[in-house]
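The chain contents come next:
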Amino acid sequence: MVRIRRAGLGDLPGVAQVLVDTWRATYRGVVPEAFLEELSYEGQADRWARGLRDPTWPGRLFVAEAGEVVGFAAFGPDRASGFPGYTAELWAIYVLPTWQRKGLGRALFHEGARLLQAEGYGRMLVWVLKENSQGRGFYEHLGGVLLGEREIELGGAKLWEVAYGFDLGEQKW
Ligand SMILES: CC(C)(COP(=O)(O)OP(=O)(O)OC[C@H]1O[C@@H](n2cnc3c(N)ncnc32)[C@H](O)[C@@H]1OP(=O)(O)O)[C@@H](O)C(=O)NCCC(=O)NCCS
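Residues numbered from 1 in each chain as written. Predicted model: local features only at pLDDT ≥ 70, side-chain atom pairs only at ≥ 80, totals over all residues. Heavy atoms only, no water.

Under an unreviewed UniProt entry, the name given to the chain is N-acetyltransferase domain-containing protein, and the organism recorded is Thermus arciformis.

Quick look at the structure:
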């Protein structure tokens, strides 16, 4: 059985492992190899711990747990993308490759979107690498609307991201 719930500090080693392993599986050949190799479980666990320990941190972190953490998603206020009305953002969503396509991504998305809507947010966006057809297929399947694109720098490489928007009132997911 898999539970979707808010994350605590004890989940962070699992969150870090999901993030690093899924990044490497998803972005190999897209993101520079050195950048992927430099990702570390300890570094990622520390990064999320700084958030969870800070009472002013605006993130909401959820995990999918099946004995151990097998997926996570982080939501929060929009980080200044400038699309009018899009005040909330899905910061990250990752499910371990062996657990993908079993409904966990949808369940994580649903929990976060429902919470943001209950808090009064109307619209949420997410940025995804343009070449990440897996992520884009998921967002499009959930009814995301293409909003625009931007160029970013990651590990010395210039990459394009696209943004998808969701109306939290529609609850298609
Ligand atoms: C994208 C991701 C989070 C989706 O999670 P998941 O658990 O595999 O997705 P789910 O099983 O919950 O799928 C939900 C629905 O979306 C559909 N879907 C999932 N991936 C899809 C894709 N690539 N193309 C089309 N539809 C897709 C599923 O068929 C399912 O449809 P249904 O509920 O109507 O039957 C996961 O695949 C992942 O972690 N990928 C790698 C990392 C990544 O790309 N993250 C996003 C970065 S911004």
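Next comes the rest of the description.
In an α-helix, one turn spans 3.6 residues; hence positions three or four apart end up facing the same way. Within helix α5 (residues 133-141) the residues assigned to the buried category are G135, R136 and Y139. Projected down its long axis, α5 shows its buried positions confined to an angular sector of 95 degrees, all on one face. Exposed residues on α5 whose side chains face more than 90 degrees from its buried face are S133 and H141. Looking at the buried side of α5, the elements it contacts are β4 (86-95), β5 (123-129), β6 (145-154) and β7 (157-167). (Buried < 20%, exposed > 50% of the residue type's maximum accessible area, 1.4 Å probe, protein only. Helix = DSSP H or I, 4+ residues; strand = E, 2+ residues; numbered from the N terminus. Arc of directions from axis to C-beta. Contact = heavy atoms within 4.5 Å.)

Attention now goes to the site of the ligand. Residues in contact with the ligand amount to 22 residues; listed here are only the nearest, R101, G105, R106, N132 and H141. The separation between a nitrogen atom of the ligand and a polar main-chain atom of Q134 is 3.0 Å. For the shell around the ligand, the secondary structure elements donating two or more residues are α1 (12-27), β4, α4 (104-118), β5 and α5. If one sorts the elements of the shell around the ligand by residue count, α5 sits on top with six residues. Taken together, the residues of the shell around the ligand sort by class into nine nonpolar, 10 polar and three charged. (Near = heavy atom within 4 Å. Polar contact = N/O pair within 3.5 Å; in protein donor to acceptor, adjacent residues only side chain to side chain. Nonpolar A, V, L, I, M, F, W, Y, C, P; charged D, E, K, R; others polar.)

With that settled, the discussion passes to the packing of α1 against helix α3 (residues 41-53). In the contact formed by α1 and α3, the axes pass within 8 Å of each other and the chain directions differ by 125 degrees. When the axis of α1 is compared with that of α3, the two are oblique. Note that α1 runs across α3; the crossing there is right-handed. Between α1, through L12, V15, A16, Q17, L19, V20 and D21, and α3, the contact on the second element is made entirely by Y41, Q44, A45, R47, W48, A49 and L52. Looking at side-chain class alone, the contact of α1 with α3 contains 10 nonpolar, two polar and two charged residues. (Axes fitted to C-alpha atoms, helices over the stretch in contact; angles between N-to-C directions. Parallel < 35°, antiparallel > 145°, perpendicular 65-115°, else oblique. Left-handed = near helix turned anticlockwise from the far one by under 90°.)

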